[in-house]
Amino acid sequence: MRIPIGIRKLLTAVVAVAALFAAYFAFARPWMLHWGATAFEARAVLPGDERVPYATSASTRAVTIAAPPARVWPWLAQLGQDRGGFYSYDVLENAVGSDMPRATTILRNRQQWKPGDKLWMYPPGKARGAGNAPLVRYEPGRVLVFGTRPLGSVSTAPEAGVWSLVLQPLGRDSSRLIARGITSQRLSPGMAAFNAMLFEPMHFVMERRMLLNIKALAEGRTTSAWAELAEVCMWALAMFLMLFALVEVWRRRRWIAPLLVAAGAAGVFAVLTLTQPPWLVGAVFVGALVLTLWWTETGPPKLLRIRRRQEESTII
């Protein structure tokens with residue numbers, strides 16, 4: 001008995017999605033959770049860990065900066081929506097109403113922290129004032145630790161974890177900047193899936209860019225909001241091509257080729273967001289996807305049919 005084409009498409013799509021999820025959990029997620037960190041740093045006890053003795057999950061990311069801690073710290077000290085911003089993809093932050101500034105110089109009046117201060121990630125007048133993390137440990141020139149609350153909680157909810165930023169000297173003229181997120185929150189299966197599949201990748205994308213931009217600024221280089229906007233546009237195009245190819249899978253009788261394009265677009269989207277290459281590299285990948293999708297529509301099968309009709313008309 002021949003399986004209907006719709007069922008075959010559905011089964012193939014399910015297998016493809018399962019394979020992508022398996023690759024994500026087996027390879028991408030472990031790499032993402034410890035990006036840039038050494039095995040020793042991932043296992044080390046860092047300032048702030050003492051506040052979460054029974055952790056359920058943790059991430060440790062790090063970057064080496066060719067500048068001593070004294071040149072890195074001023075950039076780190078002015079972190080926050082009400083200070084110098086987060087040095088990340090402010091186009092994405094502003095898309096959800098964060099009104100995020102983008103400091104490219106050291107703000108001398110935004111260098112100090114004191115007990116009771118909060119790290120604002122969202123304007124105080126929005127989101128019912130919940131877009132902040134309280135300062136829980138502060139060592140000038142070395143450590144900033146902020147308390148974090150459960151996903152979706154109100155501003156009065158108790159802390160469930162910490163976000164620690166630790167600056168360590170590395171020789172005489174370089175530093176290690178380590179970012180650790182650790183939580184004791186126990187999630188429901190649905191929230192655990194949301195956290196692993198959506199929140200963790202989004203947080204990684206933003207935190208990785210933050211670390212790299214702090215590195216660039218401390219080393220005396222510049223960051224480009226326009227280049228970051230172009231990167232985000234490449235991500236959006238890859239996602240659009242994936243969705244378009246999936247529509248083509250259901251629309252066409254010859255559906256294997258667009259399914260492969262959809263899988264390729266999903267892979268390109270993952271590579272572009274997680275590794276964040278220059279936007280020109282993203283443009284090459286996206287251009288290749290566009291050409292491949294176009295070729296599946298106008299390539300050899302269709303050209304052969306056109307040629308056959310031309311030969312038949314010539315014979316007649």
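Residues numbered from 1 in each chain as written. Predicted model: local features only at pLDDT ≥ 70, side-chain atom pairs only at ≥ 80, totals over all residues. Heavy atoms only, no water.

Asker: Would you mind showing me how to read the environment of Pro69 here?
Answerer: Note that Pro69 resides in helix H3 (residues 69-77). It is 7.2 Å that separates the C-alpha atoms of Pro69 and Ser174, two residues lying 105 residues apart in sequence. The contact partners of Pro69, leaving out residues within four places of it in the chain, are Leu167, Gln168, Pro169, Ser174 and Ser175. (Helix = DSSP H or I, 4+ residues; strand = E, 2+ residues; numbered from the N terminus. Contact = heavy atoms within 4.5 Å.)

Asker: For this particular structure, what's the right way to read unusual backbone geometry?
Answerer: The phi angle of most residues is negative, glycine excepted, and most peptide bonds adopt the trans form. In this structure, Tyr87 takes a positive phi of about 55 degrees despite not being glycine. Secondary-structure assignment places Tyr87 in the loop between H3 and helix H4 (90-95). Positive phi is not limited to glycine here, since Gln276 has a value of about 50 degrees. With respect to the helices and strands, the residue Gln276 is situated in the loop between helix H7 (256-275) and helix H8 (279-298). Residue Gln276 is classed as buried on the basis of its relative accessible area of 6%. (Buried < 20%, exposed > 50% of the residue type's maximum accessible area, 1.4 Å probe, protein only.)

Asker: Looking at this structure, I do not really get the pairing of strand E6 (residues 174-183). What am I missing?
Answerer: Consecutive residues of a regular strand have side chains that alternate between opposite faces of the sheet. Taking burial as the measure, the 10 residues of E6 include 10 buried ones, the bulk of the element. Side chains Ser174, Arg176, Ile178, Arg180 and Ile182 of E6 all project onto a buried face; the interleaved residues Ser175, Leu177, Ala179, Gly181 and Thr183 project onto the opposite face, where all are buried too. Across 9 bridges, the pairing between strand E1 (residues 57-65) and E6 is antiparallel. Paired with Ser59 across the two strands is Gly181, which belongs to E6. Here 10 bridges tie strand E5 (residues 161-170) to E6, and the two strands are oriented antiparallel to one another. Note that in E6 the partner of Ser164 across the bridge is Arg180. Linking two consecutive strands that pair antiparallel, namely E5 and E6, is a turn of 3 residues; a positive phi of about 75 degrees is found at Gly171 within it. (Pairing = 2+ DSSP bridges.)

Asker: Explain the packing of helix H1 (residues 5-33) against H7 here, please?
Answerer: What describes two packed helices is the angle between their axes and the distance between those same axes. Close contact between H1 and H7 brings their axes to 11 Å; oriented N to C, the two are set at 15 degrees. Of the possible angle classes, the one that applies to H1 and H7 is roughly parallel. As for the relative orientation of H1 and H7, their crossing is right-handed in sense. Taking contact as the criterion, the partners of Thr12, Leu20, Ala28, Trp31 and Met32 in H1 are, on H7, Leu259, Ala266, Leu274 and Thr275. Residue composition of the contact of H1 with H7, grouped by class: 7 nonpolar, 2 polar and no charged. (Axes fitted to C-alpha atoms, helices over the stretch in contact; angles between N-to-C directions. Parallel < 35°, antiparallel > 145°, perpendicular 65-115°, else oblique. Left-handed = near helix turned anticlockwise from the far one by under 90°. Nonpolar A, V, L, I, M, F, W, Y, C, P; charged D, E, K, R; others polar.)

Asker: Which parts of the structure should I look at to understand a nonpolar patch on the surface?
Answerer: Residues Met191, Phe194, Leu198, Phe199 and Met202 make up a contiguous nonpolar surface patch of roughly 430 Å² in combined accessible area. Turning to its location among the elements, Phe194 is positioned in helix H5 (residues 189-218). (Patch = residues over 30% accessible without salt bridge, like charges linked within 9 Å, V, L, I, M, F, W, Y side chains within 5 Å. Areas by Shrake-Rupley, 256 points an atom, 1.4 Å probe, with all protein chains shown as cover. Salt bridge = Lys/Arg side-chain N within 4 Å of Asp/Glu carboxyl O.)

Asker: Teacher, can you tell me more about the side chain of Ser175 here?
Answerer: Considering the arrangement of structural elements, one finds Ser175 in strand E6. A distance of 2.5 Å separates a polar side-chain atom of Ser175 from the backbone oxygen of Ala67. Beyond its immediate stretch of four places on either side in the chain, Ser175 contacts Val63, Thr64, Ile65, Ala67, Pro68, Pro69, Val72, Leu167, Gln168, Pro169 and Leu170. (Polar contact = N/O pair within 3.5 Å; in protein donor to acceptor, adjacent residues only side chain to side chain.)

Asker: When you look at the packing of H5 against H7 in this model, what are you seeing that I'm missing?
Answerer: It is the contact of H5 with H7, at a shortest axis distance of 8 Å, that shows an interaxial angle of 40 degrees. On the basis of the axis angle, H5 is oblique to H7. Of the residues in H7, those in contact with Phe204, Val205 and Arg208 of H5 are Thr273, Leu274 and Thr275.

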